[in-house]
Amino acid sequence: MVRTTRVPAALALFTALIGGAGAAFGVAGCGKEGSPPRKGPAAGTLPDYRVARGFRLPASPTWTRARKRGHLVVGAKEDQPYLGERDPATGVYSGFDIEIARMISASLGLAPKTVRFRTIASANRETALQNGQIDYYVGTYTINDNRKRLVGFAGPYYMAGQSLLVRHDENDVHGPQDLAGKRVCSAAGSTPYQRIRADYPKAVLVAYDTYSVCVDNLLTYQVDAVTTDDAILIGYAAKAPGELKVVGRPFSKEPYGIGVPRGDTALRFAMDDALEAREKNGDWKKAYEATLGLSGVPAPTPPPIDRYPAS
Ligand code: GLU
């Protein structure tokens, strides 16, 4: 049967790529012919973020604690290609969100190489910020009013939109209107999951902690589509060329913010300043081009910072 012979090969490919077993980006110009495959940006292409000297933010309890500790603890994703990936062999995190976290650390006066990353799933972000497990969170985190009741957001620093990922041979799904009766996978606690539940109730929703488990389920014909932000899906499609494709147009706006403890307005405003400065001095663009830009999408203009008042 075609399925049983095809699927393990596809899954093995995907798992190996995501698992960091020496993966190459499937993008032209990433390496000379015959050069060894590599994972993530080449050394030397990432910006060196200048650390703010003598920076102080005593009004921020989060910053004060981190300063005493000597480093920041940042929540992130570990299985989202180009955005937040953890190499299982070395434990090193890479991607656009990781670069945002590092440039912010530099602006807060703490050397970017000292940042300690912790993987936190979509459903656990608010709790992790509320109980002090992390100082801030950078991981495809959409700013919205519901979440603003629980945490604060600096930014936005990027604008994504919800989209759909299907198997390459799928011809019936072109947009969310085609999901009736289809099994659709997303991450628990995510805005894409909530939007399908609210606006497309005829879809059969399946939730897991992470999108990479959804993608495994897609490759093994357990689900018919994976839905989340286009920025995330494009990465999975690029890592399994010929197996997966992103279809249709984005059908939401997902402004990515840096999650901070809700009451720490001083920290939030300092991060807004930092983002603005890094967008102005070219660091944001360099970071984008060395990470998310490898998916082939040129650097967009970042969305305006929304310095909303403390409530
Ligand atoms: N941006 C969406 C969200 O924050 C989806 C991506 C994610 O789950 O991190 O819910």
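Data block above holds the structure.
Now for a quick tour of the structure. For clarity, every value in this text was computed on a predicted model and none was experimentally measured.

### Here we look at the sheet that holds strand β2 (residues 79-80)
Here is step 1: One open sheet accounts for 3 strands, arranged β2-β3-β4; its pairing is antiparallel. The open sheet has two free edges, formed respectively by β2 and β4 (93-94), since each of these has just one partner strand.
Here is step 2: Sheet topology note: the strand β3 (residues 84-86)/β4 ladder contains 2 bridges and is antiparallel. Bridge assignment links E85 to a residue of β4, and that residue is S94.

### A closer look at the nonpolar core
Generally speaking, a soluble globular protein has its nonpolar side chains buried in company with each other.
Here is step 1: By size, the foremost hydrophobic cluster in this structure holds 59 residues, and its most contacted members are F96, I100, Y136, Y157, Y158 and I258.
Here is step 2: Among the elements that line this core, the one with the most residues is helix α3 (residues 96-107), at 7 residues.
Here is step 3: Not counting the four nearest positions on each side in its chain, I100 is found in contact with V138, Y157, I258, L275 and W284.
Here is step 4: With 11 residues, the next largest nonpolar core counts I120, I143, F153 and Y308 among its residues.

### Some words on the state of the cysteines
Here is step 1: Summed over the entire model, instances satisfying the criterion amount to 1 disulfide.
Here is step 2: Note on cysteine connectivity: C185 is disulfide-linked to C214, with sulfurs 2.1 Å apart. Looking down the S-S bond of the C185 and C214 bridge, the torsion is -70°, so its handedness is left-handed. Note that C185 is positioned in strand β9 (residues 183-187) and C214 in helix α7 (residues 211-219), a separation of 29 residues in sequence. No difference in accessibility class separates C185 from C214, as the two residues are buried.

### Focus on the site of the ligand
Here is step 1: As a structural note, the neighbourhood of the ligand is formed by 17 residues, with K77, S122, T142, Y211 and D229 the closest of them.
Here is step 2: Residue S122 places a side-chain N or O atom 2.6 Å away from an oxygen atom belonging to the ligand.
Here is step 3: Within the side chain of T142, one N or O atom sits 2.7 Å away from a nitrogen atom of the ligand.
Here is step 4: Contact with the protein chains removes 100% of the 280 Å² of surface that the ligand exposes when unbound.
Here is step 5: Elements represented by at least two residues in the shell around the ligand include exactly α6 (191-199), β11 (225-229) and β13 (254-261).

### Comments concerning the pairing of β11
Here is step 1: Across the 5 residues of β11, 5 count as buried, placing the element largely inside the fold.
Here is step 2: The sheet contact formed by strand β8 (residues 162-167) and β11 spans 4 bridges and is antiparallel. From the neighbouring strand, L164 faces β11, where its bridge partner is T227.
Here is step 3: Taken together, the 2 bridges between β9 and β11 define a ladder with parallel strand orientation. Note on β11: the bridge partner recorded for C185 is V226.

### Some words on the sheet that holds β11
Here is step 1: Pairing within the open sheet is mixed, and its 5 strands lie in the order β10-β9-β11-β8-β12. With partners counted over all chains shown, the strands left at the sheet margins are β10 (204-208) and β12 (244-247), one partner each. Between one strand and the next, the sheet's axes are offset by a mean angle of 30°, whatever the strand orientation.
Here is step 2: α7 contacts β8, β9, β10, β11 and β12 of the sheet and is inclined by roughly 155° relative to β11.

Cut-offs used in this document
- Residues numbered from 1 in each chain as written.
- Predicted model: local features only at pLDDT ≥ 70, side-chain atom pairs only at ≥ 80, totals over all residues.
- Heavy atoms only, no water.
- Pairing = 2+ DSSP bridges.
- Helix = DSSP H or I, 4+ residues; strand = E, 2+ residues; numbered from the N terminus.
- Core = buried A, V, L, I, M, F, W, Y, C linked by side-chain atoms within 4.5 Å.
- Buried < 20%, exposed > 50% of the residue type's maximum accessible area, 1.4 Å probe, protein only.
- Contact = heavy atoms within 4.5 Å.
- Disulfide = S-S within 2.5 Å.
- Near = heavy atom within 4 Å.
- Polar contact = N/O pair within 3.5 Å; in protein donor to acceptor, adjacent residues only side chain to side chain.
- Areas by Shrake-Rupley, 256 points an atom, 1.4 Å probe, with all protein chains shown as cover.
- Axes fitted to C-alpha atoms, helices over the stretch in contact; angles between N-to-C directions.

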